[in-house]
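Analysis of the macromolecular model
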Amino acid sequence: MIEEYVRDARDHLVARASRGSLAPVAYGLADSPFGPLWVAVSPRGVAVIHYGGRPDESDLERLVRTYGPGLVPDPRRTDAVRRELDQYFRGKRRTFDVRFDLAGLTPFQQKVLGATARVGYGDLATYKVVAKRAGNEKASRAAGQAVGSNPIPIVVPCHRIIASDGTLGGYSGGLETKRCLLDIERAGDVPEGGWPPARRARAQRRS
Amino acid sequence: MVSGPPRTFGELIERHELEIFRYALRLTGRRADADDVFQETFLAAFRAWPPPRRGNERAWLYRIATNKAIDNGRRSRRLVSVEDLRLAAPERDGVTTLDLAAAIRALPTGQRAAFVLHRVEGLPHREVATALGCSEEAARARVHEATKKVKEAMA
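Residues numbered from 1 in each chain as written. Chains lettered and ligands numbered in written order. Predicted model: local features only at pLDDT ≥ 70, side-chain atom pairs only at ≥ 80, totals over all residues. Heavy atoms only, no water.

Our focus in this paragraph is the packing of aromatic side chains. All names here are of chain B. Evaluated as defined, the whole model comprises 14 aromatic pairs over all chains. Arranged with centres 4.9 Å apart and planes meeting at 90°, the rings of Y23 and Y62 form a pair that is edge-to-face. With a gap of 39 residues between them, Y23 in helix α1 (residues 9-28) and Y62 in helix α3 (residues 57-75) connect regions that are remote in the sequence. The exposure class of Y23 is buried, given its relative accessible area of 0%. Accessibility expressed as a relative area gives 0% for Y62, which makes it buried. (Phe/Tyr/Trp six-rings, centres within 6.5 Å; stacked < 30°, edge-to-face > 60°. Helix = DSSP H or I, 4+ residues; strand = E, 2+ residues; numbered from the N terminus. Buried < 20%, exposed > 50% of the residue type's maximum accessible area, 1.4 Å probe, protein only.)

Here you go:
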């Protein structure tokens, strides 16, 4: 019973802190086929989706640097993104309506992730293509790093970015997760080990 | 859980919400008052951020909570429900929790806070002193006096 009392008291506290602008960022857990996701929502939109039940240190550092210490556990403010993620995992959603927040990242990271966000459902692009769309075709390695440090996977679909040799590249949630996400979007059309060059162009054209 | 000082309000809440609520409930004896004291304590902590010294946020929170409970006690003089008393009362050595809770409730606020912090929450005298903003000797004296009164009430 005491736990119920504490839960209620926490809800009242968080509601008051949010009304009084003391707590600009809300966080909570979302369910996924890969286990819990730690999600954070700022006034600008979804700021973090992290594979795991606890926040990643670099994500936390970025949020505190951008918004100060006002991060509170608030399931209500994370409702929208949790609902959309659930629909996505069930194959019922192809685009996200929630806005996303890349504040605190470098301008280049923001450009690369902005380009990543424009790769459509089930489509693929290479790190090189994303670098070009971000305004620097020669910076594919840096683009790879920016994609690799994407703080909002799934909503900013970095799983749709593959290496130039057709292999899957890397993924913060693990390569198996990347493969599963592409499986959801491409109805299982994800060859073991990625796409050999001959099939890559065809795969990229598919939508 | 990550150690070190809390970096966010959420970390402070998650680390201390249960003990601060329990403490507020024991000081006020009533759920609604404990809820108020709990909220006021954390809101005051957020406004006064950061915690005063590395690793010392617990005593800091207890100190704020004690002051908020005293403020709350001045404002409200209401009846305490049996259910809340049962929760507020620590369970010890066969004495009925209701009797003990009533004895604690009868203590003056400063002694009640010292008693709950030391005897129930298990804080050493040094931390009780920090939480109550008094010397260690004064904290020791308050605990001693409160314990004597509670024993007399239970005899």
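Residue and element names in this part refer to chain A. Here four strands make up an open sheet; going across it, the order is β3-β2-β1-β4 and the pairing mixed. Two strands in the sheet have a free side with no partner beyond their single neighbour: β3 (45-51) and β4 (71-73). The mean angle between the axes of side-by-side strands here comes to 25°, regardless of whether they run parallel or antiparallel. Where strand β1 (residues 25-30) meets β4, three bridges bridge the pair, whose relative direction is parallel. Residue pairing across strands places V25 opposite L71, the latter belonging to β4. The sheet strands contacting helix α2 (residues 57-67) are β1, β2 (37-42), β3 and β4, and the helix crosses β3 at an angle near 160°. (Pairing = 2+ DSSP bridges. Axes fitted to C-alpha atoms, helices over the stretch in contact; angles between N-to-C directions. Contact = heavy atoms within 4.5 Å.)

What follows is about the nonpolar core. Grouped together as the largest cluster of nonpolar side chains are 52 residues, with contacts concentrated most on L12, F21, Y23, F42, F46 and L117 of chain B. Elements with a minimum of two residues in this core: α1 (2-19) of chain A together with α1, α2 (31-47), α3, α5 (97-105), α6 (109-120), α7 (125-132) and α8 (136-154) of chain B. The dominant element in this core, judged by the number of residues it contributes, is α1 of chain B, at nine residues. If we ignore the near neighbours within four places in the chain, the residues touching Y23 of chain B are Y62, A65, T66, A113, V116, L117, E121 and L132 of chain B. Judged by nonpolar contacts, the second largest core, of 37 residues, contains V41, Y127, A134 and A146 of chain A. (Core = buried A, V, L, I, M, F, W, Y, C linked by side-chain atoms within 4.5 Å.)

On to the interface of chain A and chain B. Between chain A and chain B, the residue contacts involve 23 residues of the former and 26 residues of the latter. Buried area between chain A and chain B, summed over both chains or domains, comes out near 2,400 Å², and the portion from carbon and sulfur atoms is 66%. The interface formed by chain A and chain B includes five salt bridges. When the shortest N-O distance is used, the salt bridge between R54 of chain A and E14 of chain B registers 3.6 Å. Counting across the interface, chain A meets chain B through nine residue pairs in polar contact (both at pLDDT 80 or more). Those elements that provide at least two residues to the side of chain A that touches chain B are α1, α2 and β4 of chain A. (Buried area = accessible area lost by both parts, 1.4 Å probe. Salt bridge = Lys/Arg side-chain N within 4 Å of Asp/Glu carboxyl O. Polar contact = N/O pair within 3.5 Å; in protein donor to acceptor, adjacent residues only side chain to side chain.)

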